[in-house]
Amino acid sequence: MSDLRKSPCRGPYGGEGHRAEGTDCSDPAVFEVARHNRPPLLVCPVHLGPALLLASGVLWPPSIRLIGRPPGLQA
């Protein structure tokens with residue numbers, strides 16, 4: 001797993017820049033969702049489903065990559 005797991009969750013809408021209002025989550029990102037003509041959306045497990053349904057530019061079928069480990073998960 002890379003250092004991307006330290007990135008904050010941007011779900012469920014994936015707003016960037018001035019449109020990021022209301023898209024912050026205090027959990028670390030665990031998944032990266034590919035989007036068309038936009039940077040990948042980094043989301044936590046809670047926001048993965050809503051991001052697939054609500055975020056703009058999400059590819060279908062979705063391309064999801066595991067980039068971290070959910071907090072509290074025992075190896």
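The residue numbers shown here count from 1 along each chain, following its written sequence. A pLDDT threshold of at least 70 governs which residues receive local features in this predicted model, and a stricter bar of 80 or more applies before side-chain atom pairs are shown or counted, although totals over entire chains, interfaces and linings include all residues. Remark: hydrogens and water are excluded; side-chain values derive from all non-hydrogen atoms of the structure.

## What about the confidence of the model for the protein?
Definition in use: Along the chain, pLDDT gives the predictor's confidence residue by residue, from 0 to 100. The way it works is that DSSP assigns letters per residue, a run of H or I at least four long becomes a helix, a run of E at least two long becomes a strand, and they are numbered from the N terminus. Pairs of residues are marked as contacts when any of their non-hydrogen atoms sit within 4.5 Å.
Scored by pLDDT, the protein has a mean of 80; 72% of the residues are at 70 or more. Here strand 2 (residues 25-28) stands out as the least confident element of the protein, with mean pLDDT 84; strand 5 (residues 64-66) is the most confident, with 95. Of the regions scoring below 50 in pLDDT, residues 1-5 engages in 13 contacts with residues more than four places distant in sequence or in other chains.

## Points about helix 1 (residues 45-54)
Here is the rule we go by: Exposure classes here rest on a 1.4 Å probe applied to the protein chains alone. A residue is buried below 20% of its type maximum, exposed above 50%, and partly exposed in between. Taken from the helix axis, the directions to the C-beta atoms give the arc we talk about.
What helix 1 keeps buried is the set His47, Leu48 and Ala51. One face of helix 1 carries all of its buried residues, which in axial projection span an arc of 125 degrees. Across from the buried face of helix 1, at angles greater than 90 degrees, the exposed residues are Val46 and Leu53. Summarising the contacts, the buried residues of helix 1 are in contact with strand 1 (8-9), strand 2, strand 3 (31-33), strand 4 (41-43) and strand 5.

## Quick word on the nonpolar core
This is how it is decided: Residues belong to a common nonpolar core when they are buried Ala, Val, Leu, Ile, Met, Phe, Trp, Tyr or Cys residues joined through side-chain atoms within 4.5 Å.
Residues Cys9, Cys25, Val30, Phe31, Val33, Leu41, Val43, Cys44, Leu48, Ala51, Ala55 and Val58 constitute the largest nonpolar core, which totals 12 residues. Those elements that place two or more of their residues in this core are strand 3, strand 4 and helix 1.

## Describing the sheet that holds strand 3
Sheet strands pair by backbone hydrogen bonding; their relative direction is either parallel or antiparallel. Stated precisely, the cut-off is as follows: Being paired, for any two strands, means DSSP has found at least two bridges between them. Inter-axis angles, ranging from 0 to 180 degrees, are taken between N-to-C directions of lines fitted to C-alpha atoms, where helices are fitted over the stretch in contact.
Strands sit in the order 4-3-5 across an open sheet of 3 strands; the sheet is antiparallel. Single-partner strands in this sheet number two, and they are strand 4 and strand 5. For this sheet, the mean angle separating the axes of adjacent strands, direction not counted, is 25 degrees. Direction of pairing for strand 3 relative to strand 5: antiparallel, over a ladder of 3 bridges.

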